[in-house]
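Structural features, examined
Listed below, chain by chain, are the residues.
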Amino acid sequence: MINSLFPHPAPLCLLLAGGQSRRMGGGDKNLMPLGGVPLLSRVIERAVPAGVPVIINANGDADRFATFGPPVVADVIEGFAGPLAGVLTGLETAATHHGDVTHVVSLATDAPFLPRDLVLQLYNALADGVDIAQVRSNGRRHPVFAIWPVALAPALRQALVEDGLRKIDDFTSKHKCAIVDFEGEPDPFTNVNTPEDFAQAEAVIAG
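Residues numbered from 1 in each chain as written. Predicted model: local features only at pLDDT ≥ 70, side-chain atom pairs only at ≥ 80, totals over all residues. Heavy atoms only, no water.

1. Some remarks on the packing of helix H2 (residues 83–97) against helix H4 (residues 153–162)
Selection rule: Between N-to-C directions, angles span 0 to 180 degrees; the directions come from axes that are lines fitted to C-alpha atoms, helices contributing only their stretch in contact. Helix and strand labels come from DSSP, where a helix needs a run of H or I of at least four residues and a strand needs a run of E of at least two; each type is numbered from the N terminus. Should the near helix be turned counterclockwise from the far one by less than a right angle, the crossing is left-handed, whereas a clockwise turn marks it as right-handed. Whether two residues are in contact is decided by their heavy atoms, any of which lying within 4.5 Å being enough. Residues were grouped as follows: Ala, Val, Leu, Ile, Met, Phe, Trp, Tyr, Cys and Pro as nonpolar; Asp, Glu, Lys and Arg as charged; and all remaining residues, including Gly, as polar.
Two elements in contact, H2 and H4, have axes whose closest approach is 10 Å; the angle formed by their N-to-C orientations is 150°. Taken as a pair, H2 and H4 cross one another with a handedness that is left-handed. Touching Leu-84, Ala-85, Val-87, Leu-88, Leu-91 and Glu-92 of H2 are Ala-153, Leu-156, Arg-157 and Leu-160, all from H4. Of the residues in the contact of H2 with H4, the class split is eight nonpolar, no polar and two charged.

2. Some thoughts on the environment of Ala-17
Operational definition: For every residue, the accessible area (1.4 Å probe, protein chains only) is compared with the maximum for its type, and the residue is labelled buried under 20%, exposed over 50%, or partly exposed between those bounds.
With respect to the helices and strands, Ala-17 occurs in the loop between strand E1 (12–16) and strand E2 (33–34). Given a relative accessible area of 2%, Ala-17 falls into the buried group. If we ignore the near neighbours within four places in the chain, the residues touching Ala-17 are Asp-28, Asn-30, Ile-56, Asn-57, Ala-58, Phe-65 and Thr-109.

3. Considering unusual backbone geometry
Across residues other than glycine, the phi torsion is negative in most instances, and most of the peptide bonds are trans. Cis geometry is adopted by the peptide bond preceding Pro-186, which originates at Glu-185 and carries an omega value of 0°. Within the secondary structure, Pro-186 is located in the loop between strand E9 (177–182) and helix H6 (195–206). In the Ramachandran plot, Asn-138 falls in the positive-phi region, its phi being about 50° despite a non-glycine side chain. The topology assignment puts Asn-138 in the loop between strand E7 (132–137) and strand E8 (140–149). Judged by relative accessible area, which is 41%, Asn-138 ranks as partly exposed.

4. Re the side chain of Ser-137
Rule in force here: By the criterion applied in these results, polar contacts are pairs of N or O atoms within 3.5 Å in which, for protein atoms, one can donate a hydrogen and the other can accept it, and in which residues neighboring in sequence qualify only through two side-chain atoms.
Looking at the element boundaries, Ser-137 is found in strand E7. Take Ser-137: its relative accessible area is 0%, and that puts it in the buried class. Of the polar contacts made by the side chain of Ser-137, one reaches the side chain of Asp-187; its length is 2.8 Å. In this view, Ser-137 contacts His-142, Phe-182, Asp-187, Pro-188 and Phe-189; residues no more than four positions away in its chain are not counted.

5. Details of the pattern of salt bridges
The test is simple: In the sections that follow, a salt bridge refers to a side-chain nitrogen of Lys or Arg positioned within 4 Å of a carboxyl oxygen of Asp or Glu.
Here the structure, examined in full by the defined rule, presents six salt bridges. Here Arg-157 ties to Glu-92 by a salt bridge, and the two come within 2.7 Å at their closest N and O atoms. Remark: Glu-92 occurs in helix H2 and Arg-157 occurs in helix H4; sequence separation between them is 65 residues. We classify Arg-157 as partly exposed; its relative accessible area is 30%. Its salt-bridge partner being Arg-141, residue Asp-169 comes within 3.3 Å of it at the nearest N-O pair. On the criterion of sequence distance, the pair formed by Asp-169 in helix H5 (residues 168–172) and Arg-141 in strand E8 is long-range, its members being 28 residues apart. Classification of Asp-169 by relative accessible area gives partly exposed; the value is 34%.

Right, here's the structure in full:
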């Protein structure tokens, strides 16, 4: 099934679910209920368009994500190398298993108020000379929410494995990167990192 919003091929949506959630005491915060619904379900419902290919990037026991549907793919490099390792996993998975896909959209899974047109807006930001597009809301960039060309996989692998690079900004600074602006209250890219964040998000949903 092809989503009619996108010319063929649609991008692959990469759900980055491998964070260590230290400020929540560890574990998978994206599996915690928010307003009675797992946080990951809220991200999928709001931001993943129907009909696009989706994978969950997470290490450890994949069965804990079985009820959500998308296949779970562990990091393709060893050690916890942060979100860039997840992006590389998405790019290499697309190249191997989704040969017609040219781009991957990376989505953090701890943001319950994402714009419903996020993936489409990122997709539409691609233009001649643009390699990557990422979001900014209320003046602040959120580089983990971005669209990446599959063709960058070899360069990203070299940066991670050979150069030891870990920060998204250090990689994107070497490429032409467009910015897609969003506004809203609460900030659409509000992420929940602490019990206090969860309480505030619960209040927004309940209100």
